[in-house]
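Each chain, written out:
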Amino acid sequence: MNVIGTATLVRRELDRSQRVAVQAIITPWLSAGLFMLVFGKIVGARIGDIGGASYVEFVLPGVLMMNLLSAAFMQSCSALYFQRFLKNIEEVLIAPFSYDEMILAFVFSGMMRGFIIAAGILGIGLLFGATGVAHPLWFVFFLVVVALLFSLLGLLVGLWANGFEQLSLFPTFLITPLTFLGGMFNTPEMLPPAVRPLLALNPFWYMIDGLRYAMIGTGDSNHLVGAAFLIILAAASFLLVRQLFARGWRLRT
Amino acid sequence: MTPALHVDNLVKRYGEKTAVDGVSFTLAPGEFFGFLGPNGAGKTTTINCVVGVTKITSGAIRVFGHDVVTDYRAARTQIGLSPQDFNIDPFVSTAKLLDYVGGYYGVRAPERKERITRLLLDFEMMPYKDQPFRTLSGGQKRRVSLARALVHQPDLIILDEPTAGVDVELRRDLWGWLKELNAKGKTILLTSHYLEEVQALCSRIGIIRQGKIAFLGPKDELVRDGKTLEESYLEITARS
């Protein structure tokens, strides 16, 4: 294995994020802080406790999950897309990397950015008094699997996109609506009865509610089903990414 | 002796279009080879097949005996490429770029640092080492592209029009650097539209026309009987 090469590719990608630190790191922290302040504290004061947890504690997992998956997605997506766009992906293609090493480096850098964002939001959560991690292993599991899944999805979009507008399609029309509709601010009981069954079809529901179970100890979804669902999605995404890299789809002419 | 580069019946098709049609040639270690042809003849496609940017339709390519598809790690470690277009991140500095690319090839940090210092000095880029690539002049960019091709100390150096768009002074400097590299035993494959450059540097020449090798032989064969290289080249590329 090309260990030095793979580590260098990860370092390069993290350096690239640092060049745009305000956009890549500060903005999600600021937006998470505002979510916590407005929805968690101000609106939450009128809502009261949910399942024994304060509304701030209830909201934090959703805010954390949304920012984690967005960061992981954007990191790997922009890394690959911009390298394709600027053609400096050729530096990587002609170097002695296997496809798996390329994927590993892009995915790992995506996960790292996701974890940096998540760590900052946890710190913001502490400021708002939301401190609990009831099930640490589940907490780690959901963070790792979701960061992995969205780094892989970022690579798929980074390969597929042929213009800047296409880069924003997935976040705008999939990630944001499905996260907001995935129980970020509400329990299933708060929804109209006719809509509740649809939650089970929303993968973001399992991510948010699974992390909520890990942090406050209660949740409405079956977290084992959610975990299995996320593992299958991540495995399928990896196989698809690997297949596309091996074919050189939109990488090699 | 194992050839530095052996291209065997290379074919590259894009759909119905055949860009490279059964190209074969061999470079001996230490050779300075000129690869000529009109625009669109298949030079860059052949090079891209050698380095792995382009997938081969059929045929085989070996670099110092290593197949570029099945034994790609060993093959790619031996190749340094300075491409026709600048495919460099415009926001990255020269020093960082060389550090990254050295790392890609598995060069350890202390060794990388030493090599980068040497390259920056050799190419007179030390004063500009921390400047983003986009802020450099055309000639400086060419030097960075060449330094990048050398940072992992490859034995086969492929230069796709390395002097395109650079001034006369820098072109002469580049010639000097290339001669020096060749004198150190590096094998060089050079494409250029400047025939005086090819005449000054190369010992053997291949001419590709419409995806096929139209001439392959020593430079002297093209410049005998009072003919200039340009006259011979135009005669070969004009043949139907």
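Residues numbered from 1 in each chain as written. Chains lettered and ligands numbered in written order. Predicted model: local features only at pLDDT ≥ 70, side-chain atom pairs only at ≥ 80, totals over all residues. Heavy atoms only, no water.

Now for the overall build of chain B. In terms of helices and strands, chain B carries 8 helices and 10 strands. Over its C-alpha trace chain B gives a radius of gyration of 18 Å, about what one expects of a compact globule, namely 18 Å for 240 residues. With the principal axes as the frame, chain B shows a C-alpha extent of 50 × 40 × 35 Å. Taking all 240 residues of chain B together, the buried fraction comes to 54%. Look at the contacts in chain B between residues 6 or more apart in sequence, and 68% of them connect residues 24 or more apart. Surface exposure of chain B reaches about 10300 Å², of which carbon and sulfur atoms provide 49%. Within chain B, one finds 32 positive and 29 negative side-chain charges whose respective centroids are separated by 5 Å. (Helix = DSSP H or I, 4+ residues; strand = E, 2+ residues; numbered from the N terminus. Rg over C-alpha atoms; globule rule 2.2 N^0.38 Å. Buried < 20%, exposed > 50% of the residue type's maximum accessible area, 1.4 Å probe, protein only. Contact = heavy atoms within 4.5 Å. Areas by Shrake-Rupley, 256 points an atom, 1.4 Å probe, with all protein chains shown as cover. Lys, Arg positive; Asp, Glu negative; His and termini not counted. Charge placed at Lys NZ, Arg CZ, Asp CG, Glu CD.)

With the rule as written, the count across this model stands at 20 salt bridges over all chains. Salt-bridge contacts for Lys96(B) lead to Asp15(A); the nearest nitrogen and oxygen are separated by 3.3 Å. One end of the pair, Lys96(B), is in helix H3 (residues 94–104); the other, Asp15(A), is in helix H1 (residues 3–19), on a second chain. According to the relative accessible area criterion, Asp15(A) is buried, its value standing at 17%. Residue Glu180(B) is joined to Lys184(B) by a salt bridge in which the shortest nitrogen-to-oxygen separation is 3.9 Å. On the basis of relative accessibility, which here comes to 44%, the residue Glu180(B) falls in the partly exposed class. One connected set of salt bridges, linked through shared partners, spans Arg11(A), Asp99(B) and Arg112(B). (Salt bridge = Lys/Arg side-chain N within 4 Å of Asp/Glu carboxyl O.)

The next thing to look at is helix H2 (residues 21–47) of chain A. Residue and element names in this part refer to chain A. The sharpest bend along H2 measures roughly 35° and falls at Thr27, with the proline Pro28 sitting one to four residues further on. Within the sequence span of H2, burial applies to Ala24, Ile25, Pro28, Ala32, Gly33, Phe35, Met36, Gly40 and Gly44. Contacts made by the buried residues of H2 are with H1, helix H3 (55–86), helix H5 (99–127) and helix H7 (164–180). (Bend = angle between axes of the 7 residues up to and from the residue.)

Time to look at the domain arrangement of chain B. All names here are of chain B. In terms of domain boundaries, chain B breaks down into domain 1 (1–78 + 158–240) and domain 2 (86–153). In this structure, domain 1 and domain 2 have C-alpha centres spaced 24 Å apart. Contact with domain 1, which involves 13 residues of that partner, is made by 11 residues of domain 2. Interface area for domain 1 against domain 2, summed over the two sides, is near 970 Å², with a carbon-plus-sulfur share of 69%. It is Thr77, Leu170 and Trp177 in domain 1 that bury the most area against domain 2; as a group they hold 41% of the surface buried on that side. (Domains from an automatic or database assignment. Buried area = accessible area lost by both parts, 1.4 Å probe.)

Next up on the list: the packing of helix H5 (residues 138–150) of chain B against helix H6 (residues 168–183) of chain B. When two helices pack together, their arrangement is given by the angle between their axes and by how far apart the axes lie. All names here are of chain B. Where H5 meets H6, the closest approach of the two axes is 11 Å, and the angle between their N-to-C directions is 10°. When the axes of H5 and H6 are compared, the pair comes out roughly parallel. Contacts from Gly139, Arg143, Leu146 and Leu150 in H5 reach Leu170, Leu174, Trp177, Leu178 and Leu181 in H6. Among the residues making up the contact of H5 with H6, the classes are represented as 7 nonpolar, 1 polar and 1 charged. (Axes fitted to C-alpha atoms, helices over the stretch in contact; angles between N-to-C directions. Parallel < 35°, antiparallel > 145°, perpendicular 65-115°, else oblique. Nonpolar A, V, L, I, M, F, W, Y, C, P; charged D, E, K, R; others polar.)

The biggest cluster of nonpolar side chains holds 146 residues, and the ones touching the most others in it are Phe150(A) and Leu5(B). Looking at this core element by element, the count peaks at 18 residues for H3(A). Apart from residues no more than four positions distant in its own chain, Phe150(A) is found in contact with Leu69(A), Ala72(A), Phe73(A), Ser76(A), Phe170(A), Ile175(A), Phe204(A) and Met207(A). (Core = buried A, V, L, I, M, F, W, Y, C linked by side-chain atoms within 4.5 Å.)

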